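Notes for the structure review
Here is what each chain is made of, one letter per residue.
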Amino acid sequence: MAGCVSACATCVVNRAALERLGIRTGKWDYLVALAGNPNTGKSTVFNALTGLRQHTGNWPGKTITRAEGAFTQGELRYKVVDLPGTYSLDAEANDEQVTTTFLRDARPDVTVVVADATALERNLLLLLQILSLTRKVVVAVNLVDEARATGIEIDTAGLQAALGVPVVPMAARWGKGLDELRAAVERVAADETLPPWTGAPLPETEQLYARASDIAAAHTRRGEPAAQIRWREGLDWLLTSRWTAFPLMALMLGFVLWLTIVGSNVPSSALATLLVDNLHPLLKGAADAFMPGWLSGLLIDGCYLAMAWVISVMLPPMAIFFPLFTLLEDLGYLPRVAFNLDGVLSRCGAHGKQSLTMAMGFGCNAAGIIATRIIESPRERLVAILTNNFSLCNGRWPTQILIATIFIGAAVPSAWSGLAATGAVLAVALLGVLLTFGASWLLSRTLLKGETSSFHLEIPPLRRPKVLQVLYTSLIDRTLFVLWRAVVFALPAGAVIWGISNIDIANQSLAHWTVLGLDPIAWWLGLNGVILLAYIIAIPANEIVIPTILMLTVMVTGFSIDGAAGAGVMFETDEGASLRALLDAGGWTLLTAISLMLFSLCHNPCSTTLYTIYKETGSARWTFWAAALPLAAGVLFCGLLAAAWRIAT
């Protein structure tokens, strides 16, 4: 057996190299590497081969995600490593170097090269380079269905004869060709007559280009594209034209935000009813029977209630936004967004791919920070990380929506209140986009000077998305991952909230004294001490800002409202009239409301995002700047607004 279960010298070398590369070395018979150009459907092939038997992690010393999985063919088990997409083995980008290093050092038993049938010539360069290193290769010519629709036919039998390795036609999105691919991998892995590794240097790129062109021309036939392709070309023009692209992007953003806001109301209310209204009293009663009152308050009224608010407020919007975002990604719209914004971002000294990470930040800034891994340039990746907090994450939407509804909507005739509130929230979100551009321009000319790197953007064709795969990717890989981090940080925040509200100094709680101390500072920003204290306490999770503001306002004013359960116990109510009366009692004005909406956009990231920034950059310095930049913007804008407002009135 040639696989890594045996004790042959080659396999010992493989195992040592794999351990250095951070690959888990469990029980499997053959190691399979999955390589290919970007946008060839390589990850789709990987998901189809491995199903749910996957493991993700980072390559050692890099912030590039790797995926590992396995499949069984007959009685043998094959470990599959999905390598980062690359156009060439002599490329210099971080993720592309990972592919080259893995193939040279780990020396997999089989390398599956996934090629795009619609652009065979371009894909053949990488294939020919890999064939110069090892003959244990299987070529998966993917997207043959899309090629056929564009009038392209690939002679796979002739291509196989020309290359001397198995060639499998595939439409991996629909599961076509998978059985043939597994069988080909099995044959090549067991063929001991094939040299597993040549160790030869790579041939000259010019020679390979010429050969790739000849092979592609000999085995590709072109005809008339189908009617649906011509329709897609017309849609592409609308999505990328200088006249229609930006209005359509604004409409798409507005639709996604509207659907997220409206769609999350019912499930969020249901979760709050379950976790806060029903389960909290039960847990509180049980805890009071078995532990001292202070410990019961700390754990149930503090830690549990903070966690419950984070889940009820954060989970429904993420469960809607992330699938919508992934749907647009799977459809092929997001690369077109990157194309549209590339010119603007380039003039700001940023990378075109920052548009994708910025869009991801509208769901969660921590997820947006992780998404910056797609940017190859370290300088431009830092620009994207430092400015991502200007994307209004879902944890801040409840604040924006509530304040806009109560104050902005009430400032216009009732017939226009809903439209005014929606327009105000959208205006804040678009302001965040403008601030992203402005901050990127400033950083690229101060802290992060440098030339803008070239951006090779391949726009894939518009495709029908796979809904089940979208749901799995967005809910499991994104929503639950981010939610878990938020819950971990919300627990100590809840303890702090309860503690400062129940520890008295001179007959007043610590929270009350802190509010009084912060009031003079907050006045200059058009805010009040309650709001500033709420944002300090809510650094672990923005989702608890509104419940904390309401709780502190009741405590400071003594105003009675249904749902308030006691000092340090967060609450929320859907009754707009009661909330307006409470906030009016706390001294709120229209200036306070607008200033809060601005400060909600421009303040330091939550602790989940800060932790993610530190993990991604490995630098306390850049984590500090990621917190200081938006906070400075918030102080500046709120201060200027408050001064102008008071002068005008």
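Everything that follows concerns the structure shown earlier in this document.
In what follows, the accompanying structure is described. (Residues numbered from 1 in each chain as written. Predicted model: local features only at pLDDT ≥ 70, side-chain atom pairs only at ≥ 80, totals over all residues. Heavy atoms only, no water.)

Next up on the list: the overall build of the protein chain. If you tally the helices and strands in the protein chain, you get 25 helices and 11 strands. In the protein chain, buried positions account for 53% of the 649 residues. Partitioning the intrachain contacts of the protein chain with sequence separation of at least 6 by distance along the chain shows that 76% fall at a separation of at least 24. (Helix = DSSP H or I, 4+ residues; strand = E, 2+ residues; numbered from the N terminus. Buried < 20%, exposed > 50% of the residue type's maximum accessible area, 1.4 Å probe, protein only. Contact = heavy atoms within 4.5 Å.)

All told, the structure shown has six aromatic pairs when counted by the stated rule. Their ring planes at 10° and their centres at 5.0 Å tell us that Phe 71 and Tyr 78 sit as a pair that is stacked. When the centroid spacing of 5.5 Å and the interplanar angle of 70° are considered together, the rings of Phe 624 and Trp 625 count as edge-to-face. Using a relative accessible area of 51% as the deciding quantity, one classes Phe 624 as exposed. Here the aromatic cluster, defined as three or more aromatic residues joined through ring pairs, consists of Tyr 30, Phe 71 and Tyr 78. Stacked on the ring of Trp 622, the Lys or Arg Arg 621 has its end atom at 4.4 Å from the ring centre. In this structure, Arg 646 packs its charged tip against the face of Trp 523, placed 3.7 Å from the ring centre. (Phe/Tyr/Trp six-rings, centres within 6.5 Å; stacked < 30°, edge-to-face > 60°. Lys NZ or Arg CZ within 6 Å of the ring centre and 35° of its normal.)

Secondary-structure assignment places Gln 129 in helix H4 (residues 120-131). Not counting residues up to four positions away in its chain, the partners in contact with Gln 129 are Ser 88, Leu 89, Asp 90, Leu 202 and Leu 208.

As a further point, take the nonpolar core. In this structure, Phe 362, Leu 527, Leu 533, Ile 549, Trp 588 and Leu 596 are the most contacted members of the largest nonpolar core, which totals 104 residues. Among the elements that line this core, the one with the most residues is helix H11 (residues 293-331), at 12 residues. Residue contacts for Trp 588: discarding those within four places in its chain leaves Ile 403, Phe 407, Asn 528, Ile 531, Ile 549, Leu 583 and Leu 596. (Core = buried A, V, L, I, M, F, W, Y, C linked by side-chain atoms within 4.5 Å.)

Glancing now at the pattern of salt bridges. For the coordinates displayed, the defined rule picks out 10 salt bridges. The partner of Arg 182 in a salt bridge is Asp 179, with the nearest N and O atoms 3.1 Å apart. Here Arg 182 pairs with Asp 179, and both are found in helix H7 (residues 178-190), just three residues apart, close to one helical turn. Judged by its relative accessible area of 16%, Arg 182 is buried. Classification of Asp 179 by relative accessible area gives exposed; the value is 56%. When salt bridges that share partners are traced, they join Lys 284, Asp 288 and Asp 301 into one network. (Salt bridge = Lys/Arg side-chain N within 4 Å of Asp/Glu carboxyl O.)

Before going further, it helps to spend a moment on H4. The end-to-end C-alpha distance of H4 is 16 Å, a good match for the 16 Å that 12 residues give at a rise of 1.5 Å each. Counting buried positions along H4 gives 10 out of 12 residues, so the element sits mostly inside the fold. Taken together, the buried positions of H4 are Leu 120, Asn 123, Leu 124, Leu 125, Leu 126, Leu 127, Leu 128, Gln 129, Ile 130 and Leu 131. (Expected span 1.5 Å × (residues − 1).)

Assignment of secondary structure puts Leu 202 in the loop between H7 and helix H8 (205-218). When its relative accessible area of 23% is taken as the criterion, Leu 202 is described as partly exposed. Setting aside anything within four residues of it in sequence, one finds Leu 202 in contact with Leu 89, Arg 104, Gln 129, Ser 132 and Leu 133.

The next subject is unusual backbone geometry. One non-glycine residue, Arg 107, lies in the positive phi region at around 50°. Note on placement: Arg 107 falls in the loop between helix H3 (94-106) and strand E5 (110-116). A positive phi is found at Leu 143, a non-glycine position, where the angle reads about 65°. Topologically, Leu 143 is positioned in the loop between strand E6 (137-142) and helix H5 (144-149). By relative accessible area, Leu 143 is classed as buried at 3%.

Together, Ile 503, Ile 505, Leu 510, Trp 513 and Leu 516 make up a nonpolar patch on the protein surface, roughly 440 Å² of accessible area in all. Considering every element that reaches the nonpolar patch, the biggest residue donor is helix H19 (residues 510-523), with three residues. In this structure, Ile 505 sits in strand E10 (residues 504-505). Accessibility expressed as a relative area gives 45% for Ile 505, which makes it partly exposed. (Patch = residues over 30% accessible without salt bridge, like charges linked within 9 Å, V, L, I, M, F, W, Y side chains within 5 Å. Areas by Shrake-Rupley, 256 points an atom, 1.4 Å probe, with all protein chains shown as cover.)

With that settled, consider the state of the cysteines. This structure, assessed with the given rule, holds zero disulfides. Free cysteine: Cys 602, not disulfide-bonded; nearest cysteine sulfur from Cys 638 at 7.5 Å. Unpaired in terms of disulfides, Cys 606 finds its nearest cysteine sulfur in Cys 393, a separation of 6.3 Å. (Disulfide = S-S within 2.5 Å.)

Glancing now at the environment of Ala 643. Tracing the sequence through the fold places Ala 643 in helix H25 (residues 620-648). When its relative accessible area of 39% is taken as the criterion, Ala 643 is described as partly exposed. Separated by 119 residues in the primary sequence, Ala 643 and Trp 524 place their C-alpha atoms 7.6 Å from one another.

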